[in-house]
Amino acid sequence: MRSSIRRRHAALLALLAGVLVMAGCGGDDAAREGTVDAKELYLQRATVREPAPFTPSTAADPPRPVPGPERSPARRRALESGDGATLPVRTARALPGSTPGLYAGVRSAATCDVERQIRYLTEEPVAARAFAKGAGITPAVLPGYLRGLTPVSLRADTRVTNHAFRGGTATAFQAVLQEGTAVMVDDRGLPRVRCACGSPLGRPAAIRGQVRHKGGKWASYRPDRVVVVRPAPQAVTSLIIADLAGEAWIERRTGTDGESDAFPEAPPAYGPGADITDPSAVRPPGAPLPEAPPGTGRARPSAGDSSGDGPWTPGDPGSVELTGPQDDADLLEGPEPPLGAAGG
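Quick caveat, the model's predicted, so the values are computed rather than measured.

Turning our eyes to something else, we now look at the pattern of salt bridges. A full pass over the atoms with the stated rule returns six salt bridges. A salt bridge links Glu115 to Arg147; its shortest N-O distance comes to 2.8 Å. One end of the pair, Glu115, is in helix α4 (residues 114-122); the other, Arg147, is in helix α6 (residues 142-147), with 32 residues separating them in the sequence. The class for Arg147 is partly exposed, based on a relative accessible area of 39%.

What follows concerns the sheet that holds strand β2 (residues 93-96). The strand order across the open sheet formed by six strands is β2-β11-β5-β6-β1-β10, and the pairing between neighbours is mixed. Strands with a single pairing partner mark the edges of an open sheet, and in this sheet they are β2 and β10 (212-215). This sheet shows a mean twist of 50 degrees between the axes of neighbouring strands, independent of strand direction. Bridging between β2 and strand β11 (residues 227-230) involves four bridges; their strand directions are parallel. Across the sheet, the residue bridging to Arg93 is Val227, located in β11. On top of the sheet, helix α5 (residues 125-135) reaches β5 (158-166) and β6 (169-177); it is set at about 150 degrees to β5, its chief contact.

Let us now look at the nonpolar core. In a soluble, globular protein the nonpolar side chains are often hidden away together inside. In this structure, Leu102, Tyr103, Val183, Val227 and Ile276 are the most contacted members of the largest nonpolar core, which totals 35 residues. Put simply, the parts of the chain that give this core at least two residues each are β3 (103-105), β4 (150-154), β5, β6, β7 (182-185), β11, β12 (238-243) and β13 (249-253). Per element, the largest residue contribution to this core is four residues, and it comes from β12. When residues no more than four places from it in sequence are discounted, the contact partners of Tyr103 are Gly97, Val152, Ser153, Leu154, Arg155, Val185, Gly189, Leu190, Pro191, Val229, Ile241 and Ala242. Residues Phe54, Ala59, Ala127 and Met184 belong to the second largest nonpolar core, which totals 21 residues.

The full count for this structure, using the stated rule, is five aromatic pairs. Between Trp218 and Tyr221, the aromatic rings sit 5.5 Å apart at their centres with planes inclined by 75 degrees, giving edge-to-face as the arrangement. Comparing Trp218 with Tyr221 shows no difference in burial state: the two are buried. Centroid distance Trp249 to Tyr270: 5.9 Å. Interplanar angle 75 degrees. Geometry classified as edge-to-face. Of the two residues, Trp249 sits in strand β13 while Tyr270 sits in the segment after β13, which places them 21 residues apart along the sequence. Owing to a relative accessible area of 11%, Tyr270 belongs among the buried residues under this scheme. Taken together, the ring pairs in this structure connect Phe54, Phe131 and Phe165 into an aromatic cluster. Residue placement shows Arg107 over the ring face of Phe263; its charged tip is 4.0 Å from the ring centre.

Here is what the cut-offs are and how they apply
Residues numbered from 1 in each chain as written. Predicted model: local features only at pLDDT ≥ 70, side-chain atom pairs only at ≥ 80, totals over all residues. Heavy atoms only, no water. Salt bridge = Lys/Arg side-chain N within 4 Å of Asp/Glu carboxyl O. Helix = DSSP H or I, 4+ residues; strand = E, 2+ residues; numbered from the N terminus. Buried < 20%, exposed > 50% of the residue type's maximum accessible area, 1.4 Å probe, protein only. Pairing = 2+ DSSP bridges. Axes fitted to C-alpha atoms, helices over the stretch in contact; angles between N-to-C directions. Contact = heavy atoms within 4.5 Å. Core = buried A, V, L, I, M, F, W, Y, C linked by side-chain atoms within 4.5 Å. Phe/Tyr/Trp six-rings, centres within 6.5 Å; stacked < 30°, edge-to-face > 60°. Lys NZ or Arg CZ within 6 Å of the ring centre and 35° of its normal.

The structure is reproduced here in structure tokens:
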């Protein structure tokens with residue numbers, strides 16, 4: 001039950017809310033100006049709260065560092081040296097929210113305190129109205145909407161539309177959330193709440209032309225290792241997530257805090273440590289692992305592949321480069337589920 005999970009983690013969550021640093025998440029320019037250039041991406045570290053959060057943090061600290069994805073020796077050396085020029089160029093991936101391993105967690109433990117998030121917002125009607133507007137719902141269905149979401153953490157740096165709370169309104173801006181960020185996702189697997197600052201999340205907006213990065217860059221950040229989440233083709237009743245503590249798989253029912261966690265009856269073909277950004281290692285549900293063309297280190301898409309995964313070369317429909325000239329409208333295409341449907 002959510003109540004038992006909340007009691008076990010209440011003290012830890014209260015401590016974390018007090019020690020999180022108030023800096024950089026929403027972008028000072030965004031909060032001050034009230035608008036954000038759609039050609040700017042704000043880099044947001046996993047636990048940093050923005051200057052204009054909606055609520056205190058409801059995120060729990062993972063019991064151990066998030067394990068990095070499985071990488072080849074060449075990729076490890078390149079990442080450690082900061083030199084990615086010697087590796088095959090990969091663009092960001094567009095993956096459906098039902099992809100196993102897209103998210104992570106700890107068995108029978110929540111990454112966010114849902115009831116606490118509800119309490120914070122209901123105690124502040126102005127923030128609740130702004131949150132509801134940013135989420136595309138009405139304030140009346142806010143508690144049910146939040147209870148229908150599932151707390152997890154990101155397995156890869158992920159691009160979203162985030163919001164800052166300033167002057168009683170929700171100001172949208174484009175952001176990349178760091179791997180390990182605690183979020184709540186809906187039954188299509190889309191991130192809907194960032195727990196460190198209580199902000200509503202939406203699908204990212206298309207960016208055309210030059211892109212400028214703002215905010216604090218973390219050591220492992222690479223534009224070609226960013227994920228864009230597309231909605232699953234249909235609502236799902238559970239998500240297959242990576243177990244951060246046991247390096248195993250967890251099947252988590254949507255709309256739960258982990259009290260019903262179980263081992264999946266049909267585990268994915270790849271391990272929980274697989275690199276979710278690598279198309280040669282991870283494929284979306286229903287899509288077989290493709291063969292890589294010799295000498296390229298890249299995967300070959302199968303004919304007629306309609307899995308919703310991003311394409312394999314820059315410039316193809318569905319691809320996006322997060323630096324330099326780009327046109328990523330195709331990457332963001334896909335059915336948009338009705339906002340507020342979860343739990344509402």
